[in-house]
Amino acid sequence: MDFRWDLIAEYAPLFLQGTLITVGLSLASIIIGSVLGLFIGLGKMMRNKLWALPFNWYINVFRGTPLMVQILLIHFAVVPAFLGTTNAIVAAILALSLNSAAYVAEIFRAGIQSIDKGQMEAARSLGMTHGQAMRFVILPQAIKRMIPPLGNEFIVLIKDSSLAALIAAPELMYWGRAMQGQYMRPWEPYLTAAVIYLVLTLTLNFLLNRIERRLATE
C-alpha cells in the first residue's frame, strides 16, 4: 500500500479546523447536557410519580432511539421550525446535548442516591431546607463519585460527535469524508481521523485520571 503523506499534509489545516470544531461541539454539548441532566435527574427522583413521569420518558426516549435519528430529526425538522432554516452546528449541539442529558441524568441520580440518607437527615436537623442540604451537603459528595462516569460520557460524546458529519457540520469526520470523496482513498483520511480521535480521548482520559486521584486525596 502506497501511503500518501502529501494528501494528509494538504488536508492538515482542514483537519485542524475540524478537530477544533469537534472539541467545541463536545464541550458545549457536555456543559448543556450536564445542566439539563442535573434537573432531569432530580425530576426523576421526585416522590410524586406523576410529576416524575415526563422526566422518565425523556430518558427512555433519548436513550432508546439512535443518536443518528435524533440528529437528523433535529436538523431537518426542529431547527428549521425555530430558525426558519437549517444550521448544522446548532443542530449538532442541540442533538448531542439532549442525548447526553439523558445519560447524565442517570449518572446524577445514581450519584445522589449513593450518598447515605443519614446525610440528608443530619443536614435537615441543622435547619437546612431540602434545597440547601442538596446544594451544600449531598451534591459536593456525589460529584466526586460522578467524575469517572461523567468523564466516560464526555469521551463517548467526542466520538459520537462524528455523526454530525451526516448533516455537513464541518467537524473532524466531515473533512475525512471530504478527503476520501476527493481522492477515493480510504486509508489516509480515515486513519488520520482515527488517530486524532484517539489522541483526544487518551488526553481526556489522562486528565480525568489526574482529577480523580486529586479528589481522592482531599
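Counting from 1, residues in each chain are numbered in the order their sequence is written. For a predicted model such as this one, the threshold for reporting local features is a pLDDT of at least 70, and the threshold for listing and counting side-chain atom pairs is 80 or more; totals across whole chains, interfaces and linings nevertheless cover every residue. In computing side-chain values, all of the structure's heavy atoms are included and hydrogens and water are not.

> Outline a nonpolar patch on the surface, listing residues and values.
Where nonpolar side chains cluster on the molecular surface, the patch consists of L50, W51, L53, W57 and V61 and spans about 590 Å² of accessible area. Put simply, DSSP H or I for four residues or longer makes a helix, DSSP E for two residues or longer makes a strand, and each gets a number counted from the N terminus. With respect to the helices, strands and loops of the structure, L53 is situated in helix α2 (residues 49-64). Three exposure classes are used, based on accessible area relative to the maximum for each residue type with a 1.4 Å probe and protein chains only: buried under 20%, partly exposed in between, and exposed over 50%. Residue class for L53 comes out partly exposed when judged on its relative accessible area of 40%. Only residues whose relative accessible area exceeds 30% and that form no salt bridge enter a patch; like-charged residues are grouped when within 9 Å of one another, and nonpolar side chains (Val, Leu, Ile, Met, Phe, Trp, Tyr) when within 5 Å. In these tables, accessible area is a Shrake-Rupley quantity obtained with a 1.4 Å probe, and a residue counts as shielded only by the protein chains included in the view. Counted as salt bridges are all cases of a side-chain nitrogen of Lys or Arg within 4 Å of a carboxyl oxygen of Asp or Glu.

> Break down the packing of aromatic side chains for me, with residues and values.
Aromatic pairing here means that ring centres of Phe, Tyr or Trp (its six-membered ring) are within 6.5 Å. Orientation follows from the plane angle: under 30 degrees is stacked, over 60 is edge-to-face, and everything else is tilted. As enumerated under the stated definition, the model contains five aromatic pairs in all. Note on Y11 and F15: the rings are 6.3 Å apart at their centroids and 55° apart in plane angle, and the pair reads as tilted. Separated by four residues within a single helix, Y11 and F15 lie in helix α1 (residues 5-44), roughly one turn from each other. Residue F15 is classed as buried on the basis of its relative accessible area, which comes to 3%. A network of ring pairs unites the aromatic residues Y11, F15 and Y183 as a single cluster.

> Describe in detail the environment of N56, supporting the description with residues and values.
Along the chain, the position of N56 falls in helix α2. Considering only alpha carbons, one finds N56 and I40, 16 residues apart in sequence, at a separation of 8.4 Å.

> So what's going on with helix α6 (residues 130-160)? Residues and values would help.
Expected span of a helix: the number of residues minus one, times 1.5 Å. In this model α6 runs just 37 Å from its N-terminal to its C-terminal C-alpha over 31 residues, more than 12% under the 45 Å that 1.5 Å per residue would give. By the largest-angle criterion, M146 marks the main kink of α6, which is about 50°, and a proline, P148, follows within four residues. The bend at a residue is defined as the angle formed between two axes, one fitted to the seven residues ending at that residue and one fitted to the seven starting there.

Read these as geometric descriptors, not functional statements.
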